[in-house]
Amino acid sequence: MSEQKGGIFSFYFKSNLLVRILIGLIVGAIFGIVFQNASQAIEFLRPFGDLFIRLLKMIMVPVIVCTLIVGTSSISPAQLGKVGVKIIIFYLLTSLFAIIIGLFVGTVIAPGEGMMLENIAGTAKEAKAPTLVQILLDIVPTNPFGSVAKGEVLPTICFCVFFGIALAFCRDSKDEKVKNSADVVFSFFEGMSEVMFKVVGWVMQYAPIGVFALIFIVFSKSGADAFGPLLSVTISVYIGLLLQIVLVYCVICLIYKLSPIKFLKKVRPPMVTAFVTRSSGATIPVSMETAEKDMGVPRSIFGFTIPVGATINMDGTTIYLGVCAIFIANIVGVPLNFSQQLTVVLTAVLASIGTAGVPGAGAIMLLMVLESVGLKVEAGSVVAIAYGMILGIDAILDMGRTSMNVVGDMVGAVIVAKSENELDMEVWNR
């Protein structure tokens, strides 16, 4: 329908999706404030919001399986070497710091605290978490297919990572039969990923309508008071992003005797490009050009580290996940305990391996994180309403987190080049 010239919905489908979602938030908030406690309107719109939540849950597990297997099996073990091992460890460590910062900022600022939504959609489900030891044991599934069927996030991620790594080794095998068979399996999951990208795209086209319905319910019940929590979560995310730059990236530069100020000046082109385009993939050419011409990173290093970073490095997104998980838990009235926060850390870091390139990745990853700590995003639930609030401001948050993802890629390229004594200091010192 979107391809029909002059079709009734052509303008809708041709306009920017994130802008449409933001408009859905604004219009839903305005109408909700105007029509206070409009029970008939709420009951009419509730199914539209519930449908959006059900569509997202429908695609969650297939997206996890397909993208993680493709992501982990895309890097050939033969290509890894020292550079590959260094950059993957670097990306995982910075992602770990990022999610810790996100949870810290969320805990200190406590966005959403005091805004209770129990009266909007029934009683909130209590987020019950097992012991720390049980969390670590439960990561490894006894029946991976059972975990997939039940929608258990961490066990599913664990199995997919193992499967993907094994597939990568089989694709690199010298045995032609094993290699060919592995390539067929990889092609199957790659094809499945492309199919899921298409389905995700369709679901996200419905997002503005779903967000409008969910936000209308919030503001119809809570009035203008709901603006405060949305502003606080936005500020919290951007404070987390700033702390990641200062406490992680700048400190790493200092450890390797590189000027943080110089790095921040040089990284501006890809940083701004990512902020505007909201796409790590679209920023890769700018990142590569900056790495070579302004930073002195050799092509042999940035040619590997930057594309890999665009796939598995999600520092900005993990900060967003930490803050938003705290925000939703506070709104629901069930603050996350230490074990649940650890589960958020594990889920975010493990999931970052293969989901970066998925359209609507942030929304899907947040859904995964909430499910992993027992905050079930079910149609008509309080958690679903709070989740809809986040989706409404996702366009604003997405600019910052994408920009941070790219800055993390650039830091990784520079540090690996420096550690390998291949950084051209003449170019760096210009």
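Since the model is a prediction, treat every value here as computed from it, not as a measurement.

Along its length, the protein carries 20 helices and zero strands. With 430 residues in all, the protein has 54% of them scored as buried. When contacts within the protein are restricted to residue pairs at least 6 apart in sequence, those whose partners lie at least 24 apart make up 85%. Total accessible area on the protein is roughly 18500 Å²; 66% of this is exposed by carbon and sulfur atoms.

What follows deals with the nonpolar core. Counting residues in each nonpolar core, the largest one holds 129 residues, and the members touching the most others are Phe263, Val297, Ile328 and Tyr387. Among the elements that take part in this core, helix α9 (residues 176-222) stands out by supplying 18 residues, more than any other. With residues up to four places along the chain from it excluded, the contact list for Phe263 reads Cys253, Met295, Val407, Met410, Val411, Val414 and Trp428. Membership of the second largest hydrophobic core comes to five residues, among which are Ile139, Leu154, Cys158 and Leu346.

For Ser339, the location among the structural elements is in helix α16 (residues 338-351). Measuring from C-alpha to C-alpha, the distance between Ser339 and Val373 comes to 8.9 Å, with 34 residues separating the pair along the chain.

Right, let's get into the packing of helix α10 (residues 227-255) against helix α15 (residues 315-332). Close contact between α10 and α15 brings their axes to 9 Å; oriented N to C, the two are set at 140°. Overall, the two elements α10 and α15 adopt an arrangement that is oblique. At the point where α10 passes α15, the crossing takes the right-handed sense. Side by side, α10 and α15 meet where Pro229, Val233, Ser236, Val237, Gly240, Leu241, Gln244 and Tyr249 of the first sit next to Asp315, Gly316, Ile319, Tyr320, Val323, Cys324 and Phe327 of the second. Among the residues making up the contact of α10 with α15, the classes are represented as 10 nonpolar, four polar and one charged.

With that out of the way, let us pick up the packing of aromatic side chains. A full pass over the atoms with the stated rule returns 10 aromatic pairs. Taking 6.4 Å as the distance between ring centres and 55° as the angle between the ring planes, the aromatic pair formed by Phe145 and Phe159 counts as tilted. Here Phe145 is found in helix α7 (residues 144-150), whereas its partner Phe159 is found in helix α8 (residues 153-171), with 14 residues between them in sequence. Put simply, the rings of Phe145, Phe159, Phe163, Phe188 and Phe189 pair up and form one aromatic cluster. In this arrangement the basic side chain of Lys266 is found over the ring face of Trp428, its NZ or CZ atom lying 5.8 Å from the centre. The ring of Tyr320 carries Arg401 above its face, with NZ or CZ at 4.2 Å from the centroid.

Further remarks concern the environment of Met192. Mapped onto the elements, Met192 comes out in helix α9. A C-alpha to C-alpha distance of 8.8 Å links Met192 and Thr67, two positions 125 residues apart in sequence.

Along the chain, the position of Thr94 falls in helix α4 (residues 77-109). With a relative accessible area of 2%, Thr94 lands in the buried category. C-alpha of Thr94 to C-alpha of Met314: the two residues are 220 residues apart in sequence and 8.9 Å apart in space. When residues no more than four places from it in sequence are discounted, the contact partners of Thr94 are Gln244, Val248, Ile252, Asn313 and Asp315. Within the structure, the side chain of Thr94 is placed 3.3 Å from the side chain of Asp315, a separation counted as a polar contact.

Moving on: the packing of helix α3 (residues 39-73) against helix α18 (residues 382-392). One can describe the packing of α3 onto α18 by two numbers: an axis separation of 11 Å at closest approach and a directional angle of 85°. One way to sum up the angle between α3 and α18 is to call them roughly perpendicular. Two secondary-structure elements touch here, α3 through Phe52, Ile53 and Leu56 and α18 through Ala384, Tyr387 and Leu391. Considering only residue class, the contact of α3 with α18 consists of six nonpolar, no polar and no charged.

Here we take up helix α13 (residues 280-293). With 14 residues, α13 extends 19 Å from end C-alpha to end C-alpha; this agrees with the ideal 20 Å at 1.5 Å per step. The principal kink in α13, of about 30°, is found at Val286. All buried positions along α13 are accounted for by Ser280, Thr283, Ile284, Ser287, Thr290 and Ala291.

What follows is about the pattern of salt bridges. Within the structure shown, the criterion is met by eight salt bridges. Across the pair Glu292 and Arg299 runs a salt bridge, and its minimum N-O distance is 3.2 Å. Residue classification places Glu292 among the partly exposed positions, given a relative accessible area of 35%. On the accessibility criterion, Arg299 (55% relative accessible area) is exposed. Through salt bridges that share partners, Arg171, Lys179 and Asp183 make up one connected network.

So, about the side chain of Ser287. Looking at the secondary structure, you find Ser287 in helix α13. The buried category is assigned to Ser287, whose relative accessible area is 4%. The residues contacting Ser287, other than those within four sequence positions of it, are Pro270, Ile306, Val406 and Met410.

Conventions adopted
- Residues numbered from 1 in each chain as written.
- Predicted model: local features only at pLDDT ≥ 70, side-chain atom pairs only at ≥ 80, totals over all residues.
- Heavy atoms only, no water.
- Helix = DSSP H or I, 4+ residues; strand = E, 2+ residues; numbered from the N terminus.
- Buried < 20%, exposed > 50% of the residue type's maximum accessible area, 1.4 Å probe, protein only.
- Contact = heavy atoms within 4.5 Å.
- Areas by Shrake-Rupley, 256 points an atom, 1.4 Å probe, with all protein chains shown as cover.
- Core = buried A, V, L, I, M, F, W, Y, C linked by side-chain atoms within 4.5 Å.
- Axes fitted to C-alpha atoms, helices over the stretch in contact; angles between N-to-C directions.
- Parallel < 35°, antiparallel > 145°, perpendicular 65-115°, else oblique.
- Left-handed = near helix turned anticlockwise from the far one by under 90°.
- Nonpolar A, V, L, I, M, F, W, Y, C, P; charged D, E, K, R; others polar.
- Phe/Tyr/Trp six-rings, centres within 6.5 Å; stacked < 30°, edge-to-face > 60°.
- Lys NZ or Arg CZ within 6 Å of the ring centre and 35° of its normal.
- Polar contact = N/O pair within 3.5 Å; in protein donor to acceptor, adjacent residues only side chain to side chain.
- Expected span 1.5 Å × (residues − 1).
- Bend = angle between axes of the 7 residues up to and from the residue.
- Salt bridge = Lys/Arg side-chain N within 4 Å of Asp/Glu carboxyl O.

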